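Chain and residue survey
The lines below spell out each chain.
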Amino acid sequence: MLLTKDEEKALTGEYGRSMMIAHKILLSIGEATDATKLVPVKWAHLSGANYNTIGDAGLDFLKSISNETKFSIFTTINPMGYDRKKPEFVSNEFKIKQKDISDAYEHMGVVPSYSCTPYEIFDMPEKNTMVSFAESNAAVISNSIFGLLTNKESALSALASAITGKAPYSELRVEEFRHPKERIKMTDCNLSNELEFGLLGYFAGKEVKGNCVAIDCPRNPDLINAKSLSASIGTSGSCGMFTSQSPEGQIENITYDKIERGKVFDELSTAEDGDIIALGSPQLGLDELNKIAFSAENKKFTKPCMIFCARSIYEKARMMQIPQKIEKAGAKIICDACTCLTPLITRDEYDGVITNSVKASYYLNKSNKIPVCLMDIKTILKNYVS
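A brief report on the enclosed structure follows. What you see is a predicted model, and the numbers here were worked out from it, not measured in a lab. (Residues numbered from 1 in each chain as written. Predicted model: local features only at pLDDT ≥ 70, side-chain atom pairs only at ≥ 80, totals over all residues. Heavy atoms only, no water.)

1. So, the packing of helix α3 (residues 51-66) against helix α6 (residues 155-164)
Going by this rule: Lines fitted to the C-alpha atoms define the axes, with helices restricted to the stretch that makes contact. Angles between their N-to-C directions range from 0 to 180 degrees. Runs of H or I in DSSP of at least four residues are treated as helices and runs of E of at least two as strands, each being numbered from the N terminus. For classification, angles of less than 35 degrees are called roughly parallel, those exceeding 145 degrees roughly antiparallel, those between 65 and 115 degrees roughly perpendicular, and all remaining angles oblique. We call two residues in contact whenever any of their non-hydrogen atoms come within 4.5 Å of each other. Polar here means any residue other than Ala, Val, Leu, Ile, Met, Phe, Trp, Tyr, Cys and Pro, which are nonpolar, and Asp, Glu, Lys and Arg, which are charged; Gly is therefore polar.
The contact between α3 and α6 brings their axes to 14 Å, and the two run at 10 degrees. Considered as vectors, α3 and α6 are oriented roughly parallel to each other. The segment α3 lies against α6, with F61, L62 and I65 engaging L156, L159 and I163. Each residue belonging to the contact of α3 with α6 can be placed in one class, and the counts come to six nonpolar, no polar and no charged.

2. Focus on the environment of A226
For A226, the position within the fold is in helix α8 (residues 223-236). Spatially, the C-alpha atom of A226 lies 7.7 Å from that of F197, the residues being 29 residues apart in sequence. Here A226 is in contact with I141, I145 and P221, once residues within four sequence places are set aside.

3. A closer look at the nonpolar core
Spelled out, the test is: Definition used in this section: a nonpolar core is a set of buried Ala, Val, Leu, Ile, Met, Phe, Trp, Tyr and Cys residues joined via side-chain atoms within 4.5 Å. Relative accessibility thresholds used throughout: buried, under 20% of the residue-type maximum; exposed, over 50%; partly exposed, between the two (1.4 Å probe, protein chains only).
Grouped together as the largest cluster of nonpolar side chains are 77 residues, with contacts concentrated most on L46, F71, Y105, I184, I215 and I345. No other element matches helix α7 (residues 194-207), which puts seven residues into this core. Once residues lying within four places of it in the same chain are set aside, the contact partners of I184 are L200, F203, A204, V208, V213, A214, I215, D216, I254 and Y256. Membership of the second largest hydrophobic core comes to 29 residues, among which are F301, I326, C373 and L381.

4. Thoughts on the layout of surface pockets
To keep it simple, the criterion reads: Cavities and pockets are found on a 1 Å grid laid over the protein atoms alone: a cavity is a set of points where a 1.4 Å probe fits but cannot escape, a pocket is an open set with protein on both sides within 12 Å along at least five of seven lines, and a lining residue has an atom within 4 Å of such a point. Grid points are joined across faces, edges and corners, and a volume is the space filled by probe spheres set on the points.
Each pocket or cavity is described by its volume, and for the largest pocket that value is around 650 Å³. In terms of lining, the largest pocket is formed by 23 residues, of which the most central are K127, S144, M241, T243 and Q245. Among the elements that take part in the lining of the largest pocket, strand β8 (residues 241-243) stands out by supplying three residues, more than any other. A breakdown of the residues in the lining of the largest pocket according to their chemical character gives eight nonpolar, 10 polar and five charged. Volume-wise, the second largest pocket comes out at about 460 Å³. Among the secondary structure elements, those contributing two or more residues to the lining of the second largest pocket are α8, β10 (276-284), α10 (286-296), α13 (358-366) and α14 (377-384). The biggest single contributor to the lining of the second largest pocket is α8, with six residues. Taken together, the residues of the lining of the second largest pocket sort by class into 10 nonpolar, 10 polar and eight charged.

5. Considering the sheet that holds strand β7 (residues 212-215)
What counts, and what does not: Here the rule is simple: two strands pair whenever DSSP picks up at least two bridges between them.
The strand order across the open sheet built from four strands is β8-β7-β6-β9, with neighbouring strands paired in parallel fashion. The open sheet has two edge strands, β8 and β9 (252-256), and neither has a second partner. The sheet shows a mean angle of 30 degrees between the axes of neighbouring strands, taken without regard to direction. Sheet contacts for α7: β6 (182-186), β7 and β9; angle to β9, the most-contacted strand, approximately 140 degrees.

6. Observations concerning the sheet that holds strand β3 (residues 74-77)
The strands making up a sheet associate through hydrogen bonds between their backbones, and the pairing can be parallel or antiparallel. Spatial strand order, β3-β2-β4: three strands in an open sheet with parallel pairing. If you trace the sheet from one side to the other, it starts and ends with β3 and β4 (132-133), each paired once. Inspection of the sheet shows strand β2 (residues 43-46) paired to β4 by two bridges, in the parallel sense. Looking at the pairing, H45 lines up with F133 of β4.

7. Details of unusual backbone geometry
That bond from S281 to P282 is cis: its omega, 0 degrees, falls within 30 degrees of zero. The residue P282 is located in strand β10 in this model. Its identity as a non-glycine residue notwithstanding, E171 has a phi of 50 degrees, on the positive side. Position of E171 among the secondary structure elements: in the loop between β5 (166-168) and β6. Taking relative accessible area as the criterion, E171 reaches 28% and is therefore assigned partly exposed.

See the structure below:
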C-alpha cells in the first residue's frame, strides 16, 4: 500500500497509541484486500455496542483507548443490549457492563444513535460518498440503494475509520468490483412480502462468492423489503451489494426456485409456533410501526410481543400517537436494542420465538439456541392480534 508521510508517522506512534493501533488495523485489512492506499471517509457506523457481542475483552479494549482519542469524523453506532429507560428487564451486571461500553464510545464522540438503520434516522450523503459501515444491513443497503461506497466492515475496521477518518481503497470502494459476475435467477417464486425478500437474500448471501450480486427483483423495492433483503444478504455471507440491473459480460446464473426457497425456510424456521413475538431486526421504522398500530388499534396481542426500534424513530412516532396504540394493544416497545443477541430474549424465558426477520431467526437459532417460527408481518398480525 502507498502511504502518505502522515500515515507513516501515525504507524510509528508519533500521533499517539490509539492512532497507531487504528492505522495498523487499516493497514492489515488493506493488505489483505489488495488495497492500493487509504482514502478519506465521511461517516463511520460502528458495531460492537452490545456487551453480549463484544464481551469483557472488547470492553477492556474500548476502555484502553477511550481516554486518549476522539473520533475524527461523523460516527454513529449500532444497538446496545437493552433499553436504558426500561432497565428492569436485565441483570445489574449486564447494565454495568453495557453502561461502560456506552460511556467509552460516547466519550470518544459517537452520536448515540444505537440503531442498525442509520439510513432511516440521518440524511444520507450524496451518491458515491465514501463511508465505513460495520452493520451488515446498513452496508448492503447503502451500497445497493443509496449508492454509497463502503465495504462490509468489521467492528474493528469501522472503529479504526472513526478514529482516522480513513479506510482501505479496496473491494466495494473500487468501481470495478461493484459490477456483479453472479446473478440470482428466480423461477416460480413470488416476492410478495418482506419475509420472501429475506429468504431470497439469505440464499443469495450463502451462494454468492463475489462482492456484488445481480438479483431478479424489483428495480426499486420499497424500504421495508430492501431492509429485509439487505439484512439477510449480510447475515449469510460476505457479499456487500446487490443490484437489480441486468449485468453485462459473462455471468454465472444461480437458480432460486421453490425448492431452494423451501430449504432456506426449513433451515431457519425451526418451530411451529412460539410463546413470544419479536419484531425488529433490523429495527423497525416509522412505516412498519404505523402498519402495526393500524392493525392493532382497539385490539390485543394474544401473545407477549417485543418490538424493537431506534429511540429517535420512537419519538417521531410518539408525536403521531403510533406507539401509544401499539402499547395499548399489549406490546412492549424496546428502544436502543434489537432482537439479535439481546438478554431480553433467552432460552430460559422462552421456548420459541415468532418473527418475520430472517436475520433474527438466524441469530436466535444459532446464538440464543431458541427455536423460531418464521411468518411475514401481515400473517403475524392476522394470527396473533384480535
